[in-house]
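# Fold and contact review
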Amino acid sequence: MTRLAQQHGAVNLSQGYPDFAAPAEIKAAACDAIQQDINQYAVTWGAKPLREAIAADFSRRYGVPVKESEQITVCCGSTEAMMATMMAIVDPGDEVVVFEPFYENYGPDAILSGATPRFVQLREPARPGGDWTFDHDELAAAFSNKTRAIIINTPNNPTGKVFTREELQAIARLCQHWNAIAVTDEIYEHILYDGATHVPMASLDGMADRTITINSVSKTFSVTGWRVGWAIAPPDITGAIRKVHDFLTVGAAAPLQAASAAALALPASYYRELASSYLARRNRLMGILTDAGFTCYEPRGAYYIMTDIAEFGFPDDVAFARHLVTDIGVAAVPGSSFFHNPTAGRTKLRFTFCKKDETLNAAASRLSKLQVKRPA
Ligand SMILES: Cc1ncc(COP(=O)(O)O)c(C=O)c1O
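This write-up is about the structure you can find in this document. (Residues numbered from 1 in each chain as written. Predicted model: local features only at pLDDT ≥ 70, side-chain atom pairs only at ≥ 80, totals over all residues. Heavy atoms only, no water.)

### Notes on the site of the ligand
Near the ligand you find 15 residues, and of these T79, D185, Y188, S218 and R227 are the closest. In the model, an oxygen atom of the ligand is placed 2.7 Å from a nitrogen or oxygen of the S218 side chain. For the ligand, whose free accessible area comes to 400 Å², the fraction covered by protein is 92%. In terms of residue count, the dominant contributor to the shell around the ligand is helix α5 (residues 77-89) (3 residues). Of the residues in the shell around the ligand, the class split is 5 nonpolar, 7 polar and 3 charged. (Near = heavy atom within 4 Å. Polar contact = N/O pair within 3.5 Å; in protein donor to acceptor, adjacent residues only side chain to side chain. Areas by Shrake-Rupley, 256 points an atom, 1.4 Å probe, with all protein chains shown as cover. Helix = DSSP H or I, 4+ residues; strand = E, 2+ residues; numbered from the N terminus. Nonpolar A, V, L, I, M, F, W, Y, C, P; charged D, E, K, R; others polar.)

Here it is as structure tokens:
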């Protein structure tokens, strides 16, 4: 969709990368690191100052002790951290439980590592403003003695769901019962709205030794192109993740690891400002999309709005996304890309709001041309 957006000069609300500047302090830290000649390979599993910063940040925020020497692997973005994790823990024939709609990579990650994904539905809110939920019996039925892991993403892309403590506890009980590992992608941990709180799976009783927490600087510091992410895992699993990571990429860019350590030292006010600026953007895009005729599922976290497009009367989400990009000039992601069975997402379209006010304003003026095709 980004390519199509460029081709048609469309406002790009498809891919989740900010079009505004990263914090000046961390850009300066990246330049300094290069000038100070931090330009050679870092230790393959991550430069010590960054591992120390990650461990200290996680322990301070969530009260979970983390040993940088034994539990952290720095990777090329959370994308690589997830792939290295899956290849480290999964054997062919294992099953991995994945909620859907899902972030596009999880299905392929499971398949590339030889696992069979077992999908569990996140059900759309029954009323406007409600939360996405899952059926506990359906989840329980997805687990068996073949289950090696479950992938959880909270705050969630694409739905904006923030899993509650009770939901995570229910998942934790299943992991404990079936001796499965929780792999949690917490990349949007600081982007929360309406009083939602982020509960890391590793902070729940008995879960630290069976949870792998994936994160990165991409979203928190608006630097998706830096490609610095990490996995926090129990020591026995870390050894395997580090080996896979070494053979996949050797290491993330050394100067950007140094700058990422500086990013993690930003004051608490940075995180408050991040969340409040995203709240304003969420409210702006909710208004724009609602005025244009979309049914919107208001997110509690992350920076996407999932919408329903049935009202527009198009045959499917891909046809509608093409119309939007070529005739209206706005790009969004077809809902079917978030489901293993594409028919499930045929009436859905996802928009992102990690964009400047000017970008959202331009989208508003273009979307005002959109016609709802009401039945005659
Ligand atoms: C849920 C989720 N995980 C991971 C990623 C990729 O993150 P990274 O840039 O750290 O590889 C994204 C990017 O959109 C995402 O939405």
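### Notes on helix α10 (residues 254-263)
Residues spaced three or four apart along an α-helix point in a common direction, a consequence of the helix completing one turn every 3.6 residues. With 8 of 10 residues buried, α10 lies mostly within the body of the structure. The set of residues buried in α10 consists of A254, P255, L256, Q257, A259, S260, A261 and A263. The elements touched by buried residues of α10 are α2 (24-35), α3 (48-62), β2 (72-75) and α11 (268-291). (Buried < 20%, exposed > 50% of the residue type's maximum accessible area, 1.4 Å probe, protein only. Contact = heavy atoms within 4.5 Å.)

### As for the packing of α11 against helix α13 (residues 357-367)
Interhelical geometry of α11 versus α13 gives an angle of 10° and a closest axis separation of 10 Å. Between α11 and α13, the crossing angle belongs to the class labelled roughly parallel. Residue-level contacts link R281, R284, L285, I288 and L289 of α11 to L360, N361, A364 and L367 of α13. Here the contact of α11 with α13 is composed, by residue class, of 6 nonpolar, 1 polar and 2 charged. (Axes fitted to C-alpha atoms, helices over the stretch in contact; angles between N-to-C directions. Parallel < 35°, antiparallel > 145°, perpendicular 65-115°, else oblique.)

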